[in-house]
Amino acid sequence: MLSIKRVPTVVSNYQKEETGEAAAGGCGRNCLKSCCIQGARLPLYAFKKVDKVCGNELPLLGCKEQHPVAFLDSLVLGEWEDRMQRGLFRYDVTACETKVIPGEYGFIAQLNEGRHLKKRPTEFRVDKVLQPFDENKFNFTKVGQEEVLFQLEASNDGEVQFFPNAPIDVENSPSFVAINVSPIEYGHVLLIPRIFECLPQRIDHASFLLALQMAVEARNPYFRLGYNSLGAFATINHLHFQAYYLALPFPIEKAPTKKIAKLSGGVIISKLLNYPVRGLVFEGGHTLEDLANAVSEACICLQHNNIPYNVLISDCGRQIFLLPQCYAEKQALGEVSPELLETQVNPAVWEISGHMVLKRKKDYEEASEANAWRLLAEVSLSEERLLEVTALVFQAITSSVEMNVKPQRLEEVDAVSPNAQHAMVAGSHECLVLQ
Ligand SMILES: [Zn+2]
């Protein structure tokens, strides 16, 4: 078994040593299990299902002007600040220093010394993207009710609804939004789809659609959702997305792209250019579900092929980055340089997107574009491997969409770099149109 001594980040105040659970009258921790859940209430936000993200043509960061502050946005931040006042976080993230690293890409460095305090090494298996849920390990049903901000669901009648004090219908698989007690930015929360089903960390269609809907519903380009698979620096094997606010563009969002395929549902797939981590970008689609399905199908394919990956949902749900990675594998094989290992930076979705969360003052002070690039380059698949992986993903997407798929030529568009590679898919020297 390939495993690494890992220092997990504590995401809940209840992730520490566990005490035996008392039977009647709750376990004393006001948790989400049957010992404490009866009669519990939480706010419930039911969003209106949208067919499509409004104004696909809008530029990045363009949606803020169009809408006043969305209700979900103020709900997340209002509840989050309330938990801050109540002292539920392990440190004050608003006191963490942040700077934009000078250079072409605008990498963002944050000094976060609190995040790895009280570290508790555990064995964590890193060579398997799919692992069964383990009731005995920490999971989100063990958090305190005060860490949960609200329940999130799609509205039944097509209208936005908010109930400040709704019962928790355990049988009806509610999804929760909770705080991350080790935040890396303002408003850092966790989206835990169908929490009581105790799903392992793996993307499925419905859960990814929910995450995408949350991004759309927040209507704030500074609010991004991210996902780390097992083997790509997820630390808890209970299905969750993360999200937070950062009022800066991420370097990955500014990287040029090159269109490589268009699916029959209108979803456009591009590849990232001129960025240290190679990956795919998904946009468009006739409906929001087209977009969600294409991405989740791609994720499911990576999971089945045991390829660790990260996902970033940007631009109010209009742009989704899919980034297969191999850092943990290299780490286990002893192929990562000691200087990089020493920083203890775990290149998860935020780091890969260009928001470097640094644990040592020295690394923060010496942060440079070259250093950021060097770390992220270690995370990336090789060009050749990405071609193979892209071919696998395309195969999975097309076989799930329709039976008779004919790859066709696509006029090359958006070619930004004159040095752009022409062979986009292994075994083919043409771009593909997947119909
Ligand atoms: Zn309890």
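Residues numbered from 1 in each chain as written. Predicted model: local features only at pLDDT ≥ 70, side-chain atom pairs only at ≥ 80, totals over all residues.

This paragraph deals with helix α10 (residues 369-379). Among the residues of α10, Ala372, Leu375, Leu376 and Val379 are the ones counted as buried. In a view along the axis of α10, the buried residues occupy a sector of 95°, so they form one face of it. Pointing more than 90 degrees away from the buried face of α10 are the exposed residues Ala370 and Ala377. Against the buried residues of α10 lie α6 (327-332), α7 (338-342), α8 (349-353) and β17 (355-358). (Buried ≥ 20, exposed ≤ 12 C-beta atoms within 10 Å, placed from the backbone. Helix = DSSP H or I, 4+ residues; strand = E, 2+ residues; numbered from the N terminus. Arc of directions from axis to C-beta. Contact = placed C-beta atoms within 7 Å.)

Its identity as a non-glycine residue notwithstanding, Asn306 has a phi of 55°, on the positive side. The phi dihedral of Gln344 falls on the positive side, at around 55°, and the residue is not glycine. Here Gln344 shows up in the loop between α7 and α8. We classify Gln344 as partly exposed; it has 13 C-beta atoms within 10 Å.

Turning next to the confidence of the model for the protein. Close inspection of predicted coordinates is inappropriate in any region flagged by low pLDDT. Averaged over the protein, the pLDDT score is 84; the fraction of residues at 70 or greater is 82%. Throughout residues 56-66 the model reports pLDDT below 50, and contacts reaching past four residues in sequence, or to other chains, amount to 15 contacts. Within the model, the stretch residues 402-435 combines pLDDT values under 50 with 65 contacts to residues more than four positions away or in other chains. (pLDDT = per-residue confidence, 0-100.)

With that settled, the discussion passes to the sheet that holds β17. Reading across from one edge, β3-β4-β17 is the order of the three strands in this open sheet, with mixed pairing throughout. Strands at the two margins of the open sheet, each flanked by one partner only, are β3 (98-100) and β17. With strand direction ignored, the average angle separating the axes of adjacent strands in the sheet is 20°. Both strand β4 (residues 108-111) and β17 contribute to a ladder of four bridges, which runs parallel. In the strand pairing of β17, Leu111 is matched with Leu358. (Pairing = 2+ DSSP bridges. Axes fitted to C-alpha atoms, helices over the stretch in contact; angles between N-to-C directions.)

Moving on, we come to the pairing of strand β16 (residues 319-324). With six of six residues buried, β16 lies mostly within the body of the structure. Where burial is concerned, the two faces of β16 agree: the one with Gln319, Phe321 and Leu323 and the one with Ile320, Leu322 and Pro324 are both buried. With four bridges joining them, strand β14 (residues 280-284) and β16 adopt antiparallel strand pairing. The residue of β16 that forms the bridge with Val281 is Phe321.

Three- or four-residue spacings in an α-helix give side chains the same orientation, since the helix completes a turn every 3.6 residues. When the terminal C-alpha atoms of helix α2 (residues 71-85) are compared, their 21 Å separation across 15 residues agrees well with the 21 Å that a helix rising 1.5 Å per residue should span. The inward-facing, buried residues of α2 contact β2 (41-47), β6 (148-154), β8 (175-179), β9 (189-192) and α3 (205-218). Within two residues after α2, Gly87 carries a phi angle of roughly 70°, on the positive side. (Expected span 1.5 Å × (residues − 1).)

The subject of this paragraph is the environment of Asp363. Residue position: Asp363 is located in helix α9 (residues 361-365). Here Asp363 falls in the partly exposed class, since 19 other C-beta atoms lie within 10 Å of it. On a C-alpha basis, the gap between Asp363 and Thr343 in space is 7.0 Å, while along the polypeptide they are 20 residues apart. Setting aside anything within four residues of it in sequence, one finds Asp363 in contact with Thr343 and Leu358.

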